[in-house]
Each structure stands twice: as C-alpha cells, then as structure tokens.
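Descriptive analysis of the structure
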Amino acid sequence: MLTPALLTVITTDISKYYLLNLSNHFTILQKGIKTMKPYEKYVSKKDIQVIHAESLKILSEIGVKFEHPEILEIFKNHGARIDGDTVFLDEKMIMNAISTIPETFTIENSKGNHTLGGGSLILMPGIGNIFRLEQGHLHKMTNDDTVDQFKLSDTSDVINCNYFNIFLDDKSLSLDERVFSPIAMILKYSNKTALHLQANTFPLKSNMRESFKKGLELIEKFEGRSGVYNNIVHVNSLSPLCFDHDPLEKFLIAAEMNQPVWFSPCAMPVLTGPPSVAGLIAMTNAEVLAGMVMSQLVKPGLPVVYGQTSASTNLRTVQLSIGAPETALIAYATRGLADFYKLPCRTGGGLSDAKDFDMQAGIESDMMIRSTLEAAPDLVLHSCGIMGSFNILSFEKFLMDEDTYRMNRRLLKGIKTEESYLCHDLIAKIGPRGNFLQGRTPKMFKEEFFVPKYFNKEDPNQWQESGSKPVLRDVQAAVKERLASYTPPNITTEQANLLNDFIPAGYRDRI
C-alpha cells in the first residue's frame, strides 16, 4: 500500500513540470515558474508596456524640445524629423538606440568601484539642500554645516557612496573655489567612492562648457589615469518635454570624455505634468527615452542610467510633495521601465516633506525607504536626512533614516525555514518551561533579529525614572559622536597640491 511518504508523482508538459513529492510534510516543489518582482504588486509588466506604448506615441506625435543647435543638428543628421527646436522620434530609432546601451557598467576609482545594473542599491546622501533643521529651527546651511553633512555621510555604515554639496556662503571665495570646491573637497576628504562629481556652474556667466570639462579633467588628474568610467553626469530634462541649453552642454562634455550620464525628470502633476500618475510617468518616460536616443547618436555604447525624480504636488502651496504614496508608485514604475529597457536605474530615497523631526518625517520616510528597497534601483540619491521637498536636511533624521533602512532590510529578508533555523535540537535540549538565556548572545540571534541603534526600546518605568529622555536627545548626542569619529583618508602630497587651489583656505589643511 502506497503512503504519502513514499508516493511520488512526476508530471511533465512542454512548458513546465512539477515535481510533487508527497512526503510527511507534503512538500510541493515547482519548477519553471518565474518569481514576480516586488514592484509588480503595484505596476504590472502589462502596465509597463502600456506606458511604453504611450511614450512612443508622445515622441512621434508631440515631440521633445532640444534648446541647443548642436544637438538639433545631430538629430537632423541621423534622420529625425525636426520642426523648429522640436524633435520627433519613431520607434525604430528609439529601440535601436536603447539596444546599444550597456545593461551594466562599473565606476572605477582609487577609493573603490561600484557596478550599476541589476539592482545595485548604491545609496548616496541627501544633496542640494539649502537649509538645516537644528534644535527645532531652520537656518541656511553654513559652510561648516556643509562640511559636517559630508562627514556624517562619510562615517555612515548605510551610505556607501559620498557627495559634497556646494558652499552656499561663497562671498569670500574665489571663482575657482566656488566652481570646483565640490569636486576638490570630496576627492581630498572622502573615504568613500564618489560617482557624481560636477563643477558648480551656477556662478558662471560664460565658459560653462570649458569649466565643466575642467572639473572632469581634475578627477582624471587626481586618479592618475584616464579611459575609465569615474563619474556619472546628471542631465535633467525640463518638464514638460524639453531639454534646455545648459544641461545639454554638460552632456556634450560627458560624451566627449566618455563618462556615463543619467537622465532624471522631476515633473509636478498639474503644473509641469498631467494630473494622473500613468500620464505623468508616460510623459517623463518620453523625456528619458529622447535623452537616451541623443546619448547614443552622439556616443554609441555610452552608459546611461534611467532616472526619475517626479513626485506629487501640494496644490494648496504649489510645492513638490516628495513624501507621498504616488512618489513610491513612480519609483516602482521606474524600476519596471528600467527592467523593460534592460538598463540601470536611479529613483527613491528617504524622502519627506516634513519641516521638523516629527511623526510626519518618520511615517513618510519609512514609506519611501521601504518602497525604495523593494524597487531596488541601482542608484539612490537623498537616501538619508532629506526633508521639506529636498530643501532641508536634518542630521538627526539622517541617523534615524539609517535605522529605518536597517529595519526595512531585515523585514524584506523574510523568514528562513532551513532546518538549522528551526532549532529543533535546541528546543529539545531546553525542553518545556526551560530557559533559552544561557551564556553569550547567540550568533544566530544577531543575524536574525534587528537591533536598532537609536530607537528607544527601554522598559517604560525605567525610561520615566531616568528622566523620560526623548529619542531626539539621544540622536543629537549620537550626531556629535559621529562627527567626532571622522578621520580623513590618506592621499599623496601631489594629490593634495593638485586640489588645494580649489579649496577654501579654512579647509585646505583639515576639516
């Protein structure tokens, strides 16, 4: 007589087969079934194809403006239809261009390499903020604040790629210091790889192209080699459906120096984009596709990162709303479209519109961090600390965001059910009414259970008896400890001399 422990049924057909082993636990093993990616819970592959088709329609019927005569000439020479400064693209030209973009590429420099493609999850800090939240008040970033923000990132075990913001208090700085200090500071003082280094061209009234190229050449001189990818140049479109002049100047230099680019629209529904999520994504996807075609016409095979920064709009205040469920949905769709085109992508971050270290900041950031980890882009800007529609950075939120990444990473790992993790022998050894607390903390516990650095897990009575100290106070102390822990990297005298002319005097010797 056959029993479930002995019975095995094997069923085979042309497309897939199932091995049904009816053991004591009636385990069912299935082969040939593809695992659904997390973003598909929110935007299906069919949805992605619909969005792609609409983007093709936009590009062929409405077109994209390119406000640069050299770029228009390139499109014209390759057979694109031009009407004034509007370029119309057909499906064949678009798909041919996409086919020449590599699926992965590696940024190489002396402080470590990063490969983009397949969900690398390279986390960069909050960037571009002009205010700091400190002790419950907002103030414009001082130059020392900018340095400390950099130190916080450099000492983070969550952030794995660094960045240096521009000095906002620049009245006493020379033009070279204003333009090139973001590159020079990070090359001199970062212990981590930096893959997005660009000259600050805002102070320039002319010669932007030459200065931007000089910044990229400075990186090559510091590294002592050329001919490798050592940077990614960011090229923003100007929604709706436009690339204006200056970003295209930067793109041309990036292509000339064979450095990868990323395209990232930031459309606002109702203002610079349509009022639906799908329409907003289809329009901005058309912008990115147009940029990708341009990149491959100029430099076939140039690596491209598919980016997206669009979010919601608060129509009461006419502000970009980044801590919104629609921002998360756009992040999922961005990963879906990047998968469809087989490209690395950039999206997400620990985003919040809050103006204070409060419940709103925590809720919005947790939602965005979880969706970012689920979407698994290759590159994430604004990973920690960002608030107020990209305008504010909180050092305390930076640290809490780090814990939020750790917490959500643990959640998304799920539960291991291998035999060793079921701990049957240990349970048998301890027995009923036994005590598992014996000796040192088990290695398995440290692996299995999330232990926060900053969340308060004290006993309520002990917390009250010790002064009812809020989490914020502990995190403020932790910020000071982190900043004090920074140590600069070792660089050569020749490297330091190369950079010092571009670094403000107060930061040339140390920070």
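Higher on the page you've got the structure.
For every chain, the first residue of its written sequence is number 1, and the numbers climb from 1 along that sequence. Given that this is a predicted model, residues contribute local features only at a pLDDT of at least 70 and side-chain atom pairs are listed and counted only at 80 or more, while totals for whole chains, interfaces and linings are drawn from all residues. Computation of side-chain values covers all heavy atoms of the structure but excludes hydrogens and water.

**Examining the overall build of the chain**
Definition in use: For helices the rule is a DSSP run of H or I covering at least 4 residues; for strands it is a run of E covering at least 2, with both sets numbered from the N terminus onward. As defined in this context, the radius of gyration uses C-alpha atoms, and a globule is described by 2.2 Å times the residue total to the power 0.38. Type-normalised accessible area, obtained with a 1.4 Å probe on protein chains alone, sets the label of each residue: buried when under 20%, exposed when over 50%, and partly exposed for intermediate values. In this analysis, two residues are considered to be in contact whenever any of their non-hydrogen atoms come within 4.5 Å of each other. Residue exposure ignores everything except the shown protein chains as possible cover, and the areas themselves are Shrake-Rupley values with a 1.4 Å probe.
Helix and strand counts for the chain come out as 17 helices and 21 strands. Computed over C-alpha atoms, the radius of gyration of the chain comes to 26 Å, within 12% of the 24 Å expected from 2.2 N^0.38 for 511 residues, which places it in the range of a compact globule. Relative to its 511 residues, the chain shows a buried fraction of 50%. Residue pairs at least 24 apart in sequence account for 73% of intrachain contacts in the chain once pairs closer than 6 positions are excluded. In the structure as shown, the chain presents an accessible area of about 25300 Å², 54% of it carried by carbon and sulfur atoms.

**Some details on a nonpolar patch on the surface**
The condition is simple: Think of a patch as exposed residues, more than 30% relative accessible area, with no salt bridge, where like charges cluster within 9 Å and nonpolar side chains (Val, Leu, Ile, Met, Phe, Trp, Tyr) cluster within 5 Å. Between Lys or Arg on one side and Asp or Glu on the other, a salt bridge is scored when a side-chain nitrogen of the former is within 4 Å of a carboxyl oxygen of the latter.
Judged by side-chain polarity, Val 270, Leu 271, Leu 315 and Val 318 come together as a nonpolar surface patch covering roughly 360 Å² of accessible area. Relative to the assigned elements, Leu 271 resides in the loop between β14 (261-263) and α8 (277-298).

**Remarks on the sheet that holds strand β21 (residues 392-394)**
Let me state the cut-off plainly: Pairing between strands is defined by DSSP: at least two bridges between the two strands are required. To define axes, lines are fitted to C-alpha atoms, for helices over the stretch in contact only, and angles between the resulting N-to-C directions are given on a 0 to 180 degree scale.
Spatially, four strands are ordered β11-β10-β21-β20 in an open sheet, and the strand pairing comes out mixed. Each edge of the open sheet carries a strand with a single partner, namely β11 (137-140) and β20 (386-387). Examined bridge by bridge, strand β10 (residues 131-134) and β21 share three bridges and lie parallel to one another. Its bridge partner lying in β21, Leu 133 is registered against Ser 394. The strands touched by helix α11 (residues 395-413) within the sheet are β10, β20 and β21, with β21 carrying the most contacts at an inclination of about 70°.

**Digging into the packing of helix α6 (residues 208-223) against helix α17 (residues 493-500)**
In a packed pair of helices, the relevant descriptors are the angle between the two axes and the axis-to-axis distance. Our working definition: Reported orientations rely on four angle classes, namely roughly parallel under 35 degrees, roughly antiparallel over 145, roughly perpendicular from 65 to 115, and oblique for the rest. By the definition used in this description, the sense in which the near helix is turned from the far one sets the handedness, with an anticlockwise turn below a right angle giving left-handed and a clockwise turn giving right-handed. Gly counts as polar in this scheme, as do all residues outside two lists: the nonpolar Ala, Val, Leu, Ile, Met, Phe, Trp, Tyr, Cys and Pro, and the charged Asp, Glu, Lys and Arg.
For the pair α6 and α17, interaxial distance at closest approach is 9 Å and the crossing angle is 165°. Regarding the angle of α6 to α17, the classification is roughly antiparallel. Judged by the twist between their axes, the crossing of α6 over α17 is right-handed. Residues Leu 218, Lys 221 and Phe 222 of α6 lie in contact with α17, whose contacting residues are Gln 495, Leu 498 and Leu 499. Within the contact of α6 with α17, the residues separate by chemical class into four nonpolar, one polar and one charged.

**Brief notes about the packing of aromatic side chains**
Each aromatic ring pair is characterised by the separation of its centres together with the angle its planes make. Test applied: Any pair of Phe, Tyr and Trp rings, taking the six-membered ring for Trp, is counted once the centres come within 6.5 Å. Such a pair is stacked with planes under 30 degrees apart, edge-to-face with planes over 60 apart, and tilted for the rest. Look at NZ for Lys and CZ for Arg. If either is within 6 Å of the ring centre and within 35 degrees of the ring normal, a charge sits over the ring.
The final tally for this structure, using the stated rule, is 14 aromatic pairs. Ring centres of Phe 164 and Phe 167 lie 5.4 Å apart, and the angle between their planes is 70°; this geometry places the pair in the edge-to-face category. Each member of the pair, Phe 164 together with Phe 167, is buried. A centroid spacing of 6.5 Å and a plane angle of 65° characterise the contact between Phe 450 and Phe 455, whose relative ring orientation is edge-to-face. Residue classification places Phe 455 among the partly exposed positions, given a relative accessible area of 22%. Aromatic rings pair up to connect Phe 150, Phe 164, Phe 167, Tyr 486 and Tyr 507 into one cluster. Positioned over the ring face of Phe 395 is Arg 132, at 3.8 Å from the centre of the ring.

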